Protein chains: 2
Amino acid sequence: MITKETKITIVGLGLLGGSYAQGLSNAGYTVYGIDIDPEAVSFAKEKGWIAGGSNDPASVRDSEIVIFALYPKTFVEWICRYQDLLPAGCIITDVTGVKRNVIAGINAMLRPDVEYIAAHPMAGREFKGIQYADCSRFRQANYIIVATKDNTEKAIDAAREIAEILQFRYIGELTPEDHDRMIGFLSQLTHVIAVSLMNVSDNPDLVKYTGDSFRDLTRIANINADLWPELFIENKDYLMKEIDLFMDELAQFRQMIDDENVEGMKEKMIISTERRKAFDR
Amino acid sequence: MITKETKITIVGLGLLGGSYAQGLSNAGYTVYGIDIDPEAVSFAKEKGWIAGGSNDPASVRDSEIVIFALYPKTFVEWICRYQDLLPAGCIITDVTGVKRNVIAGINAMLRPDVEYIAAHPMAGREFKGIQYADCSRFRQANYIIVATKDNTEKAIDAAREIAEILQFRYIGELTPEDHDRMIGFLSQLTHVIAVSLMNVSDNPDLVKYTGDSFRDLTRIANINADLWPELFIENKDYLMKEIDLFMDELAQFRQMIDDENVEGMKEKMIISTERRKAFDR
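Note that the structure is a prediction, hence the values are computed from the model and not measured.

Colleague: Explain the domain arrangement of chain A to me, please; I cannot follow it from the model alone.
Modeller: Accessible area lost upon the coming together of the parts is a frequently used measure of interface size. All names here are of chain A. For chain A, the assigned domains are domain 1 (7–174) and domain 2 (179–277). Here the C-alpha centroids of domain 1 and domain 2 sit 31 Å apart. Each side of the interface is counted separately: domain 1 has 14 residues, and domain 2 has 13 residues. For the side of domain 1 that touches domain 2, the elements supplying multiple residues, two or more each, are helix H3 (72–82), helix H4 (100–107) and strand E7 (142–146).

The following block contains the structure:
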């Protein structure tokens, strides 16, 4: 049970780590921060989002909860290098957008007296850095707890409590496989499509004629180029399968246009219209 | 020059025809309406959007401007069947989303004493019917005049005046070929992508986890299934070329994931981010 006295440390004060610090401290919890960039630490301090912070990994020493808001590989490397600094009995969690490899990597080496409960707040943005932190966005977002059979109720509850304090709209639970499959389709495939669509044409006149449709489909083409290639590679098998399924579907539709198969196209559009209604807000 | 005394008739009181009637009458112009559906005519009358209306094609008889807000084939058929009812010297225009075939079809048979100036208000929506008419949307939309070498300045000016009265955000001019190529990429390809994405998976659990990305990319999967297959077929050559270019791009990105080519993906993302900035509003 997380109380106002629980010492929580966030490692990585970027967009998400900063938003966590903001949301938790706003709710009255005691948060500390660690970041290699002293400016991110100063920013969080000035805003009152952390009670203290530094660039020293050793400052996790007396934390009961440690939240890692790092890129997947950086998180695994941090644990590999510094896990001896974690106090016995502490619970660690994260925010990474891919899960199977991260969970396997962490659990393969984590000390037995520390427990890792994986979580994915689906609230990333096209911007990076703590200056874009905004915990109010969590109220529109989903939070997924990705527990394994080895996780204790205590750790799962801690992840859930964090999500509740941060007021996520929906808190769900998925296996690592189901999480990665879902993310491969809903998030990764859509980003691949948007990036590809934007790369197809360099005609500068298009902007004059672009309406809402093209704008909608390419908003996420504005993307963090340091993070996403890593996320794609970590989820390579599922993502490539989703790209293949989508390309098959697209090829089928192309054939219908070629055949001037009005009824076939109509059927696809009736299905898409019907299914899309469930996603209206 | 269109004046408040010019008699304007709109043939087809649907979403776009209704919005035209609303916008023109709000601005003090005299508008009449024709529709095969008496309820659409009554609706426009009750709202005060038309001074009079009927389902009788003969009521175009003394109109100086006739705006056809019909599906492409229905427009061509109307002209074929009823063009003798148009008064000598009248200017006709339209709202169809594909141009080469429509312009060729109309001009191949149109009486020499009537002039057709093609136009495309890029303000379609996922809904159909006059009950969704809303001329305020034009202020965010583009209007494209698609003139040929045979068009007179008088007719081009008339199309421009209509767009100005309706307060379109941007009024441009394109050749039929450039128009159809642009629409094939910006509008038709994006709709094909959205419909296909929605058809790939019927997993009802997805809606629980869907964030903004998937919602953005599939908004236009809610589509008028009676209209769009016709638009796709009318622009088949250009649309299929755009689908092919997009699929090549997608296949290239897929290969980069397979090769774990981080630098290649990064480069694509830097380009997409840079290009997308020009489309920000």
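Next comes the rest of the account.
Colleague: Mind showing me how you'd approach the pairing of strand E6 (residues 115–122) of chain A here?
Modeller: Here is the key point about a regular strand: its side chains alternate between the two faces of the sheet. All names here are of chain A. Burial analysis of E6 places eight of its eight residues in the buried class, which makes it a mostly covered element. Burial along E6 is two-sided: the face carrying Glu115, Ile117, Ala119 and Pro121 and the face carrying Tyr116, Ala118, His120 and Met122 are both buried. Here strand E5 (residues 91–94) runs beside E6; their pairing, made up of three bridges, is parallel. Opposite threonine 93, over in E6, you have isoleucine 117 as the bridge partner. The pairing of E6 with E7 spans five bridges and is classified as antiparallel. In the strand pairing of E7, histidine 120 is matched with isoleucine 144.

Colleague: Explain the interface of chain B and chain A to me, please; I cannot follow it from the model alone.
Modeller: Contact with chain B, which involves 72 residues of that partner, is made by 71 residues of chain A. Where the side of chain B that touches chain A is concerned, the elements lending two or more residues are strand E7 (142–146), strand E8 (170–173), helix H6 (176–200), helix H7 (206–209), helix H8 (212–218), helix H9 (228–234), helix H10 (236–258) and helix H11 (262–277) of chain B. It is H6(B) that contributes the most residues to the side of chain B that touches chain A, 15 residues altogether. Taken together, the residues that form the side of chain B that touches chain A break down as 43 nonpolar, 15 polar and 14 charged.

Colleague: Quick question: what am I supposed to make of the sheet that holds strand E6 (residues 115–122) of chain B here?
Modeller: The pairing of strands in a sheet happens through backbone hydrogen bonds and is either parallel or antiparallel. Residues and elements named next belong to chain B. One open sheet holds the eight strands; their spatial order is E3-E2-E1-E4-E5-E6-E7-E8, and the pairing between them is mixed. One side of each edge strand has no neighbouring strand; the edge strands of this open sheet are strand E3 (52–54) and E8. Strand after strand, the sheet turns through a mean of 20° between neighbouring axes, direction not considered.

Colleague: Can you help me understand the packing of helix H11 (residues 262–277) of chain A against H6(B) in this one?
Modeller: Between two packed helices, what matters for the description is the angle formed by their axes and the separation of those axes. Here H11(A) crosses H6(B) at 70°, and the two axes come no closer than 9 Å. By the angle class used here, H11(A) and H6(B) are roughly perpendicular. The segment H11(A) lies against H6(B), with Lys268(A), Met269(A), Ile271(A), Ser272(A), Arg275(A) and Arg276(A) engaging Ala194(B), Val195(B), Met198(B) and Asn199(B). Partitioning the contact of H11(A) with H6(B) into residue classes produces five nonpolar, two polar and three charged.

Colleague: Help me understand H4(A), please; the structure alone is not making it clear to me.
Modeller: Residues lying three or four places apart along an α-helix face the same way, a consequence of the helix completing one turn every 3.6 residues. Restricting attention to buried positions, one finds in H4(A) the residues Val102(A), Ile103(A) and Ile106(A). Taken end-on, H4(A) shows its buried residues confined to a sector of 95°, consistent with a single buried face.

Colleague: Can you walk me through the sheet that holds E5(A) in this structure?
Modeller: Residue and element names in this part refer to chain A. Spatial ordering of the open sheet is given by E3-E2-E1-E4-E5-E6-E7-E8, a layout of eight strands whose pairing is mixed. Looking along the sheet, the strands with just one partner apiece sit at the ends: strand E3 (52–54) and strand E8 (170–173). Ignoring which end each strand starts from, the neighbouring axes of this sheet average 20° apart.

Conventions and cut-offs
Residues numbered from 1 in each chain as written. Chains lettered and ligands numbered in written order. Predicted model: local features only at pLDDT ≥ 70, side-chain atom pairs only at ≥ 80, totals over all residues. Domains from an automatic or database assignment. Contact = placed C-beta atoms within 7 Å. Helix = DSSP H or I, 4+ residues; strand = E, 2+ residues; numbered from the N terminus. Buried ≥ 20, exposed ≤ 12 C-beta atoms within 10 Å, placed from the backbone. Pairing = 2+ DSSP bridges. Nonpolar A, V, L, I, M, F, W, Y, C, P; charged D, E, K, R; others polar. Axes fitted to C-alpha atoms, helices over the stretch in contact; angles between N-to-C directions. Parallel < 35°, antiparallel > 145°, perpendicular 65-115°, else oblique. Arc of directions from axis to C-beta.

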